[in-house]
Amino acid sequence: MKQARAWQRMLSGRRLDLLDPTPLDIEIEDIAHGLAFVARWNGQTKGDFAYSVAEHSLLVEEIFARIAPSAPVKWRLAALLHDAPEYVIGDMISPVKAAVGAGYGDLDDRLAAAIHLRFGLPAMLPKTVKQQIKRADKVSAWMEAVEIAGFTRTEATKFFGRPDEASVAACQIRLRPPLEVRAAFTARHAELMEQM
């Protein structure tokens, strides 16, 4: 029986093995491009453009900086890259992840480890950092749910918790064309790498 193909050709020319990813096959341009074209909420959002995972990642990094203002720059980079594996495996909404099971999580973890190593982060993030990023992610999800995904505040709070008003006061949901958000994501990555 012929073995199924388990690699993806990237626009950079890299060939990423999804089952055994290596840092050498990961390029930020591929991540930024992929995430700019992957829609959050399965595209079920208001606006003229889909709310992309790249845009979400920029917001999570901004919220993380508010939650942990004294965190080293490398953890801000980790926040920016928190959903980076989705550039090849897509963004699945939580109910689908639960139905798929552990296989999706394992694949995500392998890709995240390779991405982290590629950009000078530890393969596994410290538990406290991971928790802070998750908290920022939930704040972002609450904002997205209420502002563009049609949830009531009560529904969003039930699923994502009520964010601290200070965490979201100056933050905003942005809907931009994919090429614009791709450029913003790439630029933010470059700024953080330069500061490390």
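Further up the page is the structure itself.
Residues numbered from 1 in each chain as written. Predicted model: local features only at pLDDT ≥ 70, side-chain atom pairs only at ≥ 80, totals over all residues. Heavy atoms only, no water.

K.L.:
Can you help me understand the overall build of the protein chain in this one?
P.N.:
Within the protein chain, the regular secondary structure consists of 10 helices and 2 strands. Reading the protein chain from its N end, one meets helices and strands in the order β-β-α-α-α-α-α-α-α-α-α-α. Computed over C-alpha atoms, the radius of gyration of the protein chain comes to 16 Å, within 12% of the 16 Å expected from 2.2 N^0.38 for 196 residues, which places it in the range of a compact globule. If one aligns the C-alpha atoms of the protein chain with their principal axes, the spans along those axes are about 50 × 40 × 30 Å. Counting the 196 residues in the protein chain, one finds 44% classified as buried. Intrachain contacts of the protein chain at a sequence separation of at least 6 include 67% that bridge at least 24 residues. Entry remark: accessible area of the protein chain is about 10,400 Å², with carbon and sulfur atoms responsible for 54%. When the 25 positive and 25 negative side-chain charges of the protein chain are each reduced to one mean point, those points stand 3 Å apart. (Helix = DSSP H or I, 4+ residues; strand = E, 2+ residues; numbered from the N terminus. Rg over C-alpha atoms; globule rule 2.2 N^0.38 Å. Buried < 20%, exposed > 50% of the residue type's maximum accessible area, 1.4 Å probe, protein only. Contact = heavy atoms within 4.5 Å. Areas by Shrake-Rupley, 256 points an atom, 1.4 Å probe, with all protein chains shown as cover. Lys, Arg positive; Asp, Glu negative; His and termini not counted. Charge placed at Lys NZ, Arg CZ, Asp CG, Glu CD.)

K.L.:
Explanation requested: the side chain of Ser52 in the structure shown.
P.N.:
Tracing the sequence through the fold places Ser52 in the loop between helix H1 (28-36) and helix H2 (53-67). We classify Ser52 as buried; its relative accessible area is 5%. At 3.0 Å, the side chain of Ser52 and the backbone nitrogen of Glu55 are in polar contact. Excluding residues within four positions of it along the chain, Ser52 makes contact with Leu35, Ala36, Val38, Ala39, Arg40 and Val181. (Polar contact = N/O pair within 3.5 Å; in protein donor to acceptor, adjacent residues only side chain to side chain.)

K.L.:
Would you mind going over helix H7 (residues 127-147) with me for this structure?
P.N.:
Helical geometry note: an α-helix holds 3.6 residues per turn, so side chains three or four residues apart project in the same direction. Counted at 1.5 Å a residue, the expected span for H7 with its 21 residues is 30 Å, and the 30 Å between its end C-alpha atoms agrees. For H7, the set of buried residues is Val129, Ile133, Ala136, Asp137, Val139, Ser140, Ala141, Trp142, Met143, Glu144 and Ala145. On its buried face, H7 sits against H2, helix H3 (73-80), helix H8 (153-160) and helix H9 (165-168). (Expected span 1.5 Å × (residues − 1).)

K.L.:
Would you mind going over the pattern of salt bridges with me for this structure?
P.N.:
Proximity of charged atoms lets side chains of opposite charge pair with each other. Under the criterion given, the structure shown has 9 salt bridges. Here Glu27 and Arg118 are joined by a salt bridge, their closest N and O atoms 3.4 Å apart. In this pair, Glu27 sits in the loop between strand E2 (15-17) and H1 while Arg118 sits in helix H6 (residues 102-118), placing the two residues 91 residues apart along the sequence. Each of Glu61, Arg76, Arg188 and Glu191 takes part in one network of salt bridges that share partners. (Salt bridge = Lys/Arg side-chain N within 4 Å of Asp/Glu carboxyl O.)

K.L.:
Teacher, can you tell me more about unusual backbone geometry here?
P.N.:
Glycine aside, the phi torsion of most residues is negative, and most peptide linkages are trans. One non-glycine residue with positive phi stands out, namely Trp41, at about 60°. With respect to the helices and strands, Trp41 occurs in the loop between H1 and H2.

K.L.:
It is not clear to me how the packing of aromatic side chains should be interpreted in this structure. Could you clarify?
P.N.:
The relative placement of two aromatic rings is captured by the distance of their centres and the angle of their planes. According to the stated counting rule, one finds 5 aromatic pairs in the structure shown. Consider the rings of Phe151 and Phe160, whose centres lie 6.3 Å apart with planes at 45°: the pair is tilted. Owing to a relative accessible area of 24%, Phe151 belongs among the partly exposed residues under this scheme. These aromatic residues form a ring-pair network of at least three members: Trp41, Phe151, Phe159 and Phe160. (Phe/Tyr/Trp six-rings, centres within 6.5 Å; stacked < 30°, edge-to-face > 60°.)

K.L.:
Can you help me understand the environment of Val181 in this one?
P.N.:
Along the chain, the position of Val181 falls in helix H10 (residues 178-195). For Val181 and Leu111, which are 70 residues apart along the polypeptide, the C-alpha to C-alpha distance reads 22 Å. Excluding its chain neighbours within four sequence positions, the residues that come into contact with Val181 are Ala36, Ser52, Ala54, Glu55, Leu58 and Arg176.

In short, geometric facts, not functional conclusions.
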